[in-house]
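Given next are the chains, with one letter for each unit.
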Amino acid sequence: MATETAEPAVRVRFLGGFDLTVNGTPVRRWRAGKARGLFQYLVVHRGQLLTRERLYASLWPGADSCAGSSLKVAAHALRQVLDAHPESPGSSGITLVHRDFGYVLHVAGLWSDLDLFQEYVHSGLRAATAGDLPLARNRLRAALDLYGGDFLRGESADWVVEQREYLRALALRALGVLRADAEDREDSVELIGICRRVLEIDRHHEETYRALMAAHGRRGELACVRRWYELCARRMNDELALPPGRETQQLLRTLIPSATRPSAPATVRALRPPGRRAGVPVWSAGFRTPAPAPGPAAAVRTAVLTPGPVRTTRPDTRAPAPPARHRVADRASGTASP
């Protein structure tokens, strides 16, 4: 557990980015590429004997822990940078001890935002369970003040991602308790601020969108209700390919009775032929393109394309007329053709 002293020899920040200060001096240069990562892993698990196999699996996945020398190189660089020799410890109070099966890191005086954050969250949750809301509120707010962002932001090792997700879950639990407390006290200003913090951590947290919609609905800010719903729907659709949950849709209709079912995204509307229901393919027998609205042009086309009534004629029994040259000759001779 982290200890708070007037001037701790070592100060380390993990939340929102990594920062290490030893005796008031920031540590910026690391002699080996993995020395920094080795220190981060060791200080999170300080006081524990970490085997070579575990260190290689976490920091050099896929490498052979028996044949590789990367761990020795990183450990040597770490001792040089932090003056962490066990035989002659420096003023930092940091010692890196090698054992037969691995390494152990000891730190005499340490301030860590990671440790304090976890301590404040757990004590705040215990206070909330016991019904001591003022103490819970104080501890959880202090924890969130320390939560400057994701654990080791920018790092992608598996052990980092695992720790990051655990801490996100703790932050969301703390914010959930504070949100419920703000709702009970009808403090809409604090409630909206808490909800914004939640969405910074998890932008698909539907319960938070509903809390925002309800808060604005109580204030009569129906346009804000609609905008929060639409933001939720857009993020759910674009990033998770899911519609908002039934409870979220029902809340919208409750707060805005005239609200209809949400329209399809613009890209979907643009690709869907007019008159076709969603899910009905173009070649389906159930798809019919609607006729254009009547107008002058449509009337002209109708008149041209619509056939007239069919006339029934009697058979012609008259003899066929002679060819044209015979008639000319008959007129010249003054005789009439029969």
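Scoring rules and cut-offs
Residues numbered from 1 in each chain as written. Predicted model: local features only at pLDDT ≥ 70, side-chain atom pairs only at ≥ 80, totals over all residues. Heavy atoms only, no water. Helix = DSSP H or I, 4+ residues; strand = E, 2+ residues; numbered from the N terminus. Areas by Shrake-Rupley, 256 points an atom, 1.4 Å probe, with all protein chains shown as cover. Core = buried A, V, L, I, M, F, W, Y, C linked by side-chain atoms within 4.5 Å. Buried < 20%, exposed > 50% of the residue type's maximum accessible area, 1.4 Å probe, protein only. Contact = heavy atoms within 4.5 Å. Pairing = 2+ DSSP bridges. Axes fitted to C-alpha atoms, helices over the stretch in contact; angles between N-to-C directions. Phe/Tyr/Trp six-rings, centres within 6.5 Å; stacked < 30°, edge-to-face > 60°. Lys NZ or Arg CZ within 6 Å of the ring centre and 35° of its normal. Salt bridge = Lys/Arg side-chain N within 4 Å of Asp/Glu carboxyl O.

Colleague: Got a minute to help me understand the overall build of the chain in this structure?
Modeller: Assigned secondary structure in the chain consists of 13 helices and 7 strands. When the accessible area of the chain is evaluated, it comes to approximately 20,900 Å², of which 53% is carbon and sulfur surface.

Colleague: What is the right way to read the nonpolar core from this model?
Modeller: The nonpolar side chains of a soluble globular protein tend to be buried with one another. Residues Leu20, Trp30, Leu38, Phe39, Leu82, Phe117 and Phe151 are the most contacted members of the largest nonpolar core, which totals 81 residues. With residues up to four places along the chain from it excluded, the contact list for Phe39 reads Phe18, Leu20, Trp30, Leu78, Leu82 and Leu105.

Colleague: Can you walk me through the side chain of Thr21 in this structure?
Modeller: Considering the arrangement of structural elements, one finds Thr21 in strand β2 (residues 19–22). Accessibility expressed as a relative area gives 15% for Thr21, which makes it buried. Not counting the four nearest positions on each side in its chain, Thr21 is found in contact with Ala9, Val10, Arg11 and Pro26.

Colleague: Got a minute to help me understand the sheet that holds strand β7 (residues 110–112) in this structure?
Modeller: Note on sheets: strands pair through backbone hydrogen bonds, and any given pair is parallel or antiparallel. Ordered by their spatial adjacency, 4 strands build an open sheet running β3-β2-β1-β7, and the pairing between neighbours is mixed. Each of the sheet's edge strands pairs with one partner strand only, and the pair in question is β3 (25–26) and β7. Two strands pair when backbone bridges link them, and β2 and β3 are joined in this way by 2 bridges, in the antiparallel orientation. Paired with Val22 across the strands is Thr25, a residue of β3.

Colleague: Whenever I open this one, the sheet that holds strand β4 (residues 50–51) confuses me. Can you help?
Modeller: If you trace the 3 strands from one edge of the open sheet to the other, you get β4-β6-β5, paired in antiparallel fashion. In this open sheet, the two edge strands, each paired with only one partner strand, are β4 and β5 (94–98). Relative to strand β6 (residues 102–107), β4 is paired through 2 bridges, and the arrangement is antiparallel. Bridge pairing in β6 places Thr51 opposite Gly102. Of the strands in this sheet, β5 and β6 are in contact with helix α3 (residues 70–82), which crosses β5 at around 155°.

Colleague: Quick question: what am I supposed to make of the packing of aromatic side chains here?
Modeller: Each aromatic ring pair is described using two quantities: the centre-to-centre distance and the angle formed by the ring planes. Applying the stated rule across the entire model yields 8 aromatic pairs. For the pair Tyr209 and Trp228, a centre-to-centre distance of 6.4 Å together with 55° between the ring planes defines the contact as tilted. Here Trp228 lies in helix α9 (residues 222–240) and Tyr209 lies in helix α8 (residues 206–218), a separation of 19 residues in the sequence. Comparing Tyr209 with Trp228 shows no difference in burial state: the two are buried. One aromatic cluster in this structure is built from Phe14, Phe18, Tyr41, Phe151 and Trp159. Note that Arg11 overlies the ring of Trp111, its terminal NZ or CZ placed 4.3 Å from the centroid.

Colleague: Even after reading the chapter, I still don't get the pattern of salt bridges, so can you show me in this structure?
Modeller: Two side chains that carry opposite charge are able to pair once their charged atoms sit near each other. Counted according to the given criterion, the structure contains 16 salt bridges. The shortest N-O distance in the salt bridge between Arg46 and Asp115 comes to 2.5 Å. With Arg46 in the loop between α1 (35–44) and β4 and Asp115 in helix α4 (residues 113–130), the pair connects residues that are 69 residues apart, well separated along the chain. We classify Arg46 as partly exposed; its relative accessible area is 21%. Given the relative accessible area of 16%, Asp115 is considered buried.

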